[in-house]
Amino acid sequence: MQDTLTLTRPDDWHLHLRDGAALAAVLPFTARQFARAIVMPNLRPPVTTAVQAQAYRERILAALPADADFEPLMTLYLTDNTLPREIGAARAAGVVAVKLYPAGATTNSDAGVTDIRKTYATLEAMQREGLLLLVHGEVTDGEIDVFDREAVFIERVMQPLRRDFPELKVVFEHITTQEAAQYVAASDRFTAATLTPQHLLYNRNALFTGGLRPHYYCLPVLKREQHRQALLRAVASGSPKFFLGTDSAPHAAVLKEASVCGAGCFSAPAALELYAEAFEAIGALDKLEAFASHHGPDFYGLPRNSGRVTLQRAPWQVPETLPFGDALIKPLRGGDTLNWKLL
Ligand code: NCD
Ligand code: ZN
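Parameters at a glance
Residues numbered from 1 in each chain as written. Chains lettered and ligands numbered in written order. Predicted model: local features only at pLDDT ≥ 70, side-chain atom pairs only at ≥ 80, totals over all residues. Heavy atoms only, no water. Patch = residues over 30% accessible without salt bridge, like charges linked within 9 Å, V, L, I, M, F, W, Y side chains within 5 Å. Areas by Shrake-Rupley, 256 points an atom, 1.4 Å probe, with all protein chains shown as cover. Salt bridge = Lys/Arg side-chain N within 4 Å of Asp/Glu carboxyl O. Lys, Arg positive; Asp, Glu negative; His and termini not counted. Charge placed at Lys NZ, Arg CZ, Asp CG, Glu CD. Helix = DSSP H or I, 4+ residues; strand = E, 2+ residues; numbered from the N terminus. Near = heavy atom within 4 Å. Polar contact = N/O pair within 3.5 Å; in protein donor to acceptor, adjacent residues only side chain to side chain. Nonpolar A, V, L, I, M, F, W, Y, C, P; charged D, E, K, R; others polar. Axes fitted to C-alpha atoms, helices over the stretch in contact; angles between N-to-C directions. Parallel < 35°, antiparallel > 145°, perpendicular 65-115°, else oblique. Contact = heavy atoms within 4.5 Å. Core = buried A, V, L, I, M, F, W, Y, C linked by side-chain atoms within 4.5 Å. Buried < 20%, exposed > 50% of the residue type's maximum accessible area, 1.4 Å probe, protein only. Pairing = 2+ DSSP bridges. Donors = N, O, S within 2.8 Å, 3.2 Å for Na, K, Ca; no water. Expected span 1.5 Å × (residues − 1). Bend = angle between axes of the 7 residues up to and from the residue.

## Here we look at a negative patch on the surface
Step number 1: Taken together, Asp-145, Asp-148, Glu-155 and Glu-179 make up a surface patch of like negative charges.
Step number 2: Structurally, the position occupied by Asp-148 is in the loop between β6 (132-135) and α5 (149-164).

## Quick word on the site of ligand 1
Step number 1: Inspection of the region around ligand 1 gives 15 residues, with Asn-42, Thr-106, Leu-219, Asp-247 and His-251 positioned closest.
Step number 2: Between ligand 1 and Ala-263, the relevant distance is 3.0 Å, taken from a nitrogen atom to a main-chain nitrogen or oxygen of the residue.
Step number 3: Isolated, ligand 1 exposes 310 Å² of accessible area, and the fraction of that covered by the protein chains is 100%.
Step number 4: Of the residues that constitute the shell around ligand 1, the class distribution is four nonpolar, nine polar and two charged.

## Observations regarding the packing of helix α6 (residues 178-186) against helix α8 (residues 225-236)
Geometrically, a packed helix pair is captured by the angle between its two axes and the distance between the axes.
Step number 1: In contact at an axis separation of 8 Å, α6 and α8 are set at 25 degrees when each is read in the N-to-C sense. Considered as vectors, α6 and α8 are oriented roughly parallel to each other. Judged by residue contacts, Gln-178, Glu-179 and Ala-181 of α6 engage Gln-226, His-227, Ala-230, Leu-231, Arg-233 and Ala-234 from α8.
Step number 2: A breakdown of the residues in the contact of α6 with α8 according to their chemical character gives four nonpolar, three polar and two charged.

## Some details on the nonpolar core
Step number 1: In terms of nonpolar packing, the biggest core is built from 99 residues, with Leu-133, Phe-172 and Leu-288 touching the most fellow members.
Step number 2: With seven residues, the top contributor of residues to this core is helix α10 (residues 271-281).
Step number 3: The next biggest cluster of nonpolar side chains, apart from the first, holds 15 residues, and it includes Ile-38, Val-96, Tyr-101 and Tyr-300.

## Brief notes about the sheet that holds strand β1 (residues 4-8)
Step number 1: Read across the sheet, three strands follow the order β1-β10-β13 without closing on themselves; strand pairing throughout is antiparallel. Edge positions in the open sheet fall to β1 and β13 (337-342), since each of these has one partner strand only. Direction aside, the axes of adjacent strands within the sheet are offset by 30 degrees on average.
Step number 2: The strands that α10 touches are β1, β10 (308-317) and β13; relative to β13, the one it contacts most, it runs at about 110 degrees.

## Focus on the coordination of the zinc ion (ligand 2)
Step number 1: All of the protein donors around the zinc ion (ligand 2) are His-14 (NE2), His-16 (NE2) and Asp-247 (OD); their distances to the metal are 2.0 to 2.1 Å.
Step number 2: Read in sequence order, the donor residues for the zinc ion (ligand 2) give the motif H-x1-H-x230-D. Taken as a pair, His-16 in the loop between β2 (12-15) and α1 (20-33) and Asp-247 in the loop between β9 (242-244) and α9 (253-256) lie far apart in primary sequence, 231 residues in all.

## Notes on the environment of Pro-166
Step number 1: Within the secondary structure, Pro-166 sits in the loop between α5 and β7 (170-172).
Step number 2: Given the relative accessible area of 39%, Pro-166 is considered partly exposed.
Step number 3: Along the chain, Pro-166 and Thr-191 lie 25 residues apart, while their C-alpha atoms are 9.4 Å from each other.
Step number 4: If sequence neighbours within four positions are ignored, Pro-166 has contacts with Gln-127, Asp-188 and Phe-190.

## Observations regarding α5
Step number 1: Its 16 residues give α5 an end-to-end C-alpha distance of 22 Å, which sits within 8% of 22 Å, the value for a rise of 1.5 Å per residue.
Step number 2: At Glu-155, α5 is bent by approximately 35 degrees, the largest bend along its length.
Step number 3: Residues of α5 that are buried make contact with β5 (97-100), α4 (120-129), β6, β7, α6 and β8 (191-195).

## A short note on the environment of Ala-185
Step number 1: Residue placement: Ala-185 occurs in helix α6.
Step number 2: Look at Ala-185 and you get partly exposed, because its relative accessible area is 47%.
Step number 3: Taking C-alpha positions, Ala-185 is 9.7 Å from Ser-237, a pair spaced 52 residues apart along the chain.
Step number 4: Not counting residues up to four positions away in its chain, the partners in contact with Ala-185 are Lys-241 and Phe-242.

## Structural notes on α10
Step number 1: In terms of residue burial, α10 counts as a mostly covered element, since eight of its eleven residues are buried.
Step number 2: Residues of α10 that are buried include every one of Ala-271, Leu-272, Glu-273, Leu-274, Tyr-275, Ala-276, Ala-278 and Phe-279, and no others.
Step number 3: Remark: Gly-283 follows α10 within two positions and exhibits a positive phi of approximately 65 degrees.

## A short note on the sheet that holds β6
Step number 1: Within the open sheet, the eight strands sit side by side as β2-β3-β4-β5-β6-β7-β8-β9. Their pairing is parallel. Edge strands, defined here as strands with exactly one partner in the open sheet, are β2 and β9. Across the sheet, the mean angle from the axis of one strand to that of its neighbour is 30 degrees, orientation sign disregarded.
Step number 2: Direction of pairing for β8 relative to β9: parallel, over a ladder of three bridges.

## Here's the deal with the pattern of salt bridges
Step number 1: Across all of its chains, the model carries 17 salt bridges by this definition.
Step number 2: As a salt-bridge pair, Arg-313 and Glu-280 come within 2.7 Å of each other at their nearest N and O atoms. With a gap of 33 residues between them, Arg-313 in strand β10 and Glu-280 in helix α10 connect regions that are remote in the sequence.
Step number 3: Note on Glu-280: relative accessible area 27%, which makes it partly exposed.
Step number 4: One salt-bridge network, in which partners are shared between bridges, spans Asp-3, Glu-280 and Arg-313.

Here is the structure:
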């Protein structure tokens, strides 16, 4: 049995860091595991301009532990009103991507896009300037079942988008279904996808085991086992279209354990270990390094990291709660023992 696993330093291509005291509480976990992360712009108010992205980047750098070696990669939040000229400014400011949230799809998405056609001039500018489009791929139509929203998004939004902007690089974020895995696998080199640890490890039963389990509630919501199996096949294939994006999304425990529970799993404290568990369960540990450390930078057109990290088979317990500003936060799998540990 393999007891250590040394990888090129990985990156997290989908991360929520929040701001202020919450940012300071969660950032060290990611900075310890990853060299870079794509930082999501869904603050309140959202990060919609190059100037705001630059200021947010400065706040992240200021919140880093002194010994950290971590680079935040910034994104803009696409709205119906994002001007094409903002794209040139964003690129000049080092912003690498723009996030599409369909209005109302998830946490802090009320400013999101109401109809993608309203953003076409801006997407045109992104295609020209080489900024990526990161997509929360769910329709928000109340008549579509919450478990079907990703599959319907492919027909209604992804297919027309790919036809109209064939050379725009698009990341289908946190895919959760067989339909999305197949769509991305069959697409050309301008389309890729991120996968979270929770969607590789759990099906929707996790939400209901012995009662309602708010800490397993994220969006897109966990799906049937058949879909989880399709995601595992996608990562086991070794295809460069699939890479690591935790979607670690911290919410205070009091707000998760409430009559209305916010969507998001906080996986940052054990992210790499959780992926190792998922890959080992399907006998695909040999595919972890490319998924975690090669495919992402290759798709973004960025250099791979030069450092190395080592995972060791050494049982450790994920803390049940952690400080989160004035509140507490419960990480994914808190209180459980994991078999892999990042040294
Ligand atoms: C994210 C959050 O909390 O910001 N929540 C989640 O369930 N993933 C938003 C998002 O990425 O959808
Ligand atoms: Zn997210």
